[in-house]
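If you want the building blocks of each chain, they are given just below.
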Amino acid sequence: MSLIDPRDSLERQNEKLLQISQALMRRVEQKTEQSGFAYQQFERAALLESEVRERTRDLERTLDLLQDSNARLEQANIETETARSNLAEAIETINEGFALFDEQDRLVLFNSRFCRDLQDVEPILTEGLTFQEYVTSISNSRFLALPDGQTAADWAQLRIERHREEHVVFNVSLIWDRWLQASEHRTSRNGTVILQTDVTDIIRMERHERDKMRHQQARRLQATLDHLNQGVCIFDHDKTLVGWNKRMDRLLNVAPARTREKLKFDDLMDQFREELTFGSRFSAQRLIDWANRTRSREPIAFEVTRKGDQIYSIFAQEMPDKGFVISLTDVTSERAATRALANVNEKLEMWVEERTAELEDALAEAERANASKSRFVAAASHDLLQPLSAAKLFVSSIADQIDNEDVQQIVAKTETALQGVEQIIEALSAISKLDAGKAVFDVQPISLTEIFNPLRDELAPSARAKGLAFNLIHSGLTVVSDPGYLRRIVQNLLSNAIRYTETGRVLAGVRRVGDFARIEVWDSGCGIAEEDQQTIFQEFKQLGSGAANSGLGLGLAIVERACKGLGHPLELWSQPGTGSCFSIMVPISAPTARLQSPHDTTPSHTLRDLNGLLVMLVENNRGVAQAISHLIESCGGEVILAETGEEALSTISEIDLVPDVFLLDYQLGDGMTGITLYEHLLHKYGRVPASIISADRTTELRSHCKRLNIKLLPKPVNAQRVNDFLSESIKAN
């Protein structure tokens, strides 16, 4: 049992404790004996007084803290009420309707302007109202103007769907042609702020401006239509006439302008039928069906007549709003002109056909003559190269077997003559290919050093023999061209310069002009008159006479055609009595490793020993076969001769021995070709050393040889080349 009632105030508790202490002290003073019990009671009373004082101080501190907290809480409540009052006053001053929904989509705060235009919704706005209830009440409001075909439930569903978006702005139509703009914004705590703005004046102003602009556009459109040469009428999606120009009034007699308002297409068609005559290809009913079509209409065009002599062209096309426009154009004069022009064209066509037939006959005759010439040159070249090959091989064999110097000189001159014949044949073949457009150019990077150095060694003796100063200035440029044709071009220009220069000098060099190398060949010859500067590029055409021009006149013809085929511009400067300069422009390339040499490596002129080598020669020309066989056998080799591929395969099968190397003529009569024979050998015996011998210079043959990785020896066959190839085959084995 406690002596102190905790429910008493602190003052009352202190008063009781003081009374208890005084009573205890009196009792102690009244007792005379000094017993230990009395002292203990006194001591206990003192401790109790100390505890009372400590607890009193704690209670006083607690009371002070409580009073301070109550004061601060009261101040916070005052500030909260003040802030809420300020917020309410602030949102009340906003000219727009304002409402705040919390994160649970319940109404927290709103001002008096919110939903003021929806008078039947305003009374239900209370704190705690859900957003769904708010939307439902608006959708059912009698002040809401729902769009055509939309129910209140549909409107509410669309409104709820838009509520899920982060930011929403849209217009709401009300009755009496009034509009509200509603916008929703998300707060940082995922609440929703809704603002309602009366935009009735803005929308009415925009509508007024739009109507005003539409009226101005209509006036401009009408002015534009009135300036057209075509009659134009425009119908809306209901087939009601909404546009008409003055030209239509002049083309047709239709109802006056005041009666054309709200005029339907069917009514206008009745007037059209009276005025216009439709043709069998496009009837009036077809136009009506086109106008009545509900799906997309394709544009249509046709012609009608009026009063028998006027012709109108009618064009009808659908517009984006499913209306359509019809235009009428008076084409009477154009059709008359067309008929007159047609009559003239018929006469011209007859005349052109007659002239064309004549020209076609002449062209066909020229093409036949040109083709006949090309075939003749190709056939003649091939046929001439066969005996020429044999002659060169026989002469080469004779030179190695005769010690008499006089006879050797005769043999050497014979070889030179045969080389001249070969050059002429090659020139004729080149001219034929260039004229027929069958020349194949292998364009690649080529160093001019590799063009000039061999030509310097080749032509310098001819220049020295005539006492001419001959100089080819070195150039380290790399150009892009066909190596073989470029060498032939420069060689022909230099040869001509030496041939037609009696005294003085011949000079060749290169000037760099931008991205091009200008190769120039100068001479101090007789020069060429201006009227003859085109003639010299024609085949078999030469100026003057005598030993100096003892050629066939094919060199410059080849130069002109090769430069044209390669796209290298060719220029000529010449002055009679002074000299000439021929120049060509060749594009420059970065220096790179060249793919192919423009000339063959100078042969060693020494026939190597072919002792022990077994060669199968397949050649149907007996002269060439005998010459090649004699060459091989004179060098110690052995030859197995066959005239056809079939005979060669049969011979190998009989002797049961595969020769060391094969020399195969490409054209072997009616049987298999040399390429076909090698493919049989490759399939049956594997890869064996072989070479194709042919006068054929086509790209197709070169491609076949490249594909099969076999060498091509062109006719006329050079003895040194054959010997070198066979010697390489010995090393490979």
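Overview of the structure. (Residues numbered from 1 in each chain as written. Predicted model: local features only at pLDDT ≥ 70, side-chain atom pairs only at ≥ 80, totals over all residues. Heavy atoms only, no water.)

## Side note on the packing of helix 3 (residues 131–139) against helix 4 (residues 152–163)
Threshold: Only the contacting stretch of a helix is used when fitting its axis, a line to C-alpha atoms as for every element, and angles between N-to-C directions run 0 to 180 degrees. Only DSSP runs of H or I with at least four residues qualify as helices, and only runs of E with at least two residues qualify as strands; both kinds are numbered from the N terminus onward. Crossing handedness: left-handed means the near helix sits turned counterclockwise from the far one by under a right angle, and right-handed means the same turn made clockwise. Residues count as neighbours in contact if any of their non-hydrogen atoms are within 4.5 Å of one another.
Helix 4 packs onto helix 3 with a crossing angle of 140 degrees between their chain directions and a minimal axis gap of 9 Å. Remark: the crossing between helix 3 and helix 4 carries right-handed chirality. Each of F131, Q132, V135, I138 and S139 in helix 3 lies in contact with helix 4, whose residues at this interface are A152, W155, A156, R159, I160 and H163.

## Quick notes on the packing of aromatic side chains
Using the following cut-off: Two rings from Phe, Tyr or Trp (for Trp, the six-membered ring) form a pair when their centres sit within 6.5 Å of each other. Planes less than 30 degrees apart are called stacked, planes more than 60 degrees apart edge-to-face, and all others tilted. Exposed residues in this analysis have more than 50% of their type's maximum accessible area, buried residues have under 20%, and partly exposed residues fall in between, with area computed by a 1.4 Å probe over protein chains only.
Counting across every chain of the model gives 12 aromatic pairs. Considering the side-chain rings of F265 and F324, the 5.5 Å spacing of their centres and the 85 degrees angle between planes classify their relative orientation as edge-to-face. One end of the pair, F265, is in helix 7 (residues 265–275); the other, F324, is in strand 11 (residues 324–330), with 59 residues separating them in the sequence. Judged by its relative accessible area of 1%, F265 is buried.

## Section: empty space enclosed by the protein
Cut-off, in case you're wondering: Cavities and pockets are defined on a 1 Å grid built over the protein atoms alone: a cavity is a set of grid points where a 1.4 Å probe fits but cannot escape, while a pocket is an open set with protein on both sides within 12 Å along at least five of seven lines, and lining residues are those with an atom within 4 Å of any such point. Grid points are joined across faces, edges and corners, and a volume is the space filled by probe spheres set on the points. The nonpolar class holds Ala, Val, Leu, Ile, Met, Phe, Trp, Tyr, Cys and Pro. Asp, Glu, Lys and Arg form the charged class, and all remaining residues, Gly among them, are polar.
Tallying each qualifying case throughout the model produces two cavities of 30 Å³ or more. Around the largest cavity, the lining residues are L118, Y134, I138, W155, R159, F170, V172, L174, L180, A182 and Q196. Among the secondary structure elements, those contributing two or more residues to the lining of the largest cavity are helix 3, helix 4, strand 3 (167–174) and strand 4 (178–186). In terms of residue count, strand 3 provides more of the lining of the largest cavity than any other element does, three residues in total. Residues belonging to the lining of the largest cavity are distributed by class as follows: nine nonpolar, one polar and one charged.

## Considerations on helix 11 (residues 448–465)
This is how the line gets drawn: Multiplying 1.5 Å by the helix residue count minus one yields the expected span of that helix. Note on bend: the value at a residue is the angle between axes fitted to the seven residues ending there and to the seven starting there.
Relative to the 26 Å expected for 18 residues at 1.5 Å per residue, helix 11 spans 26 Å between its end C-alpha atoms, a close match to the ideal helical length. The largest bend along helix 11 reaches roughly 40 degrees and is located at L459, with the proline P461 sitting one to four residues downstream. Here helix 11 has its buried residues at L448, T449, I451, F452, P454, L455, L459, A460 and A463. Each element contacted by the buried residues of helix 11 is listed here: strand 12 (444–447), strand 13 (469–472), strand 14 (478–481), helix 12 (483–499), strand 15 (505–513) and strand 16 (516–523).

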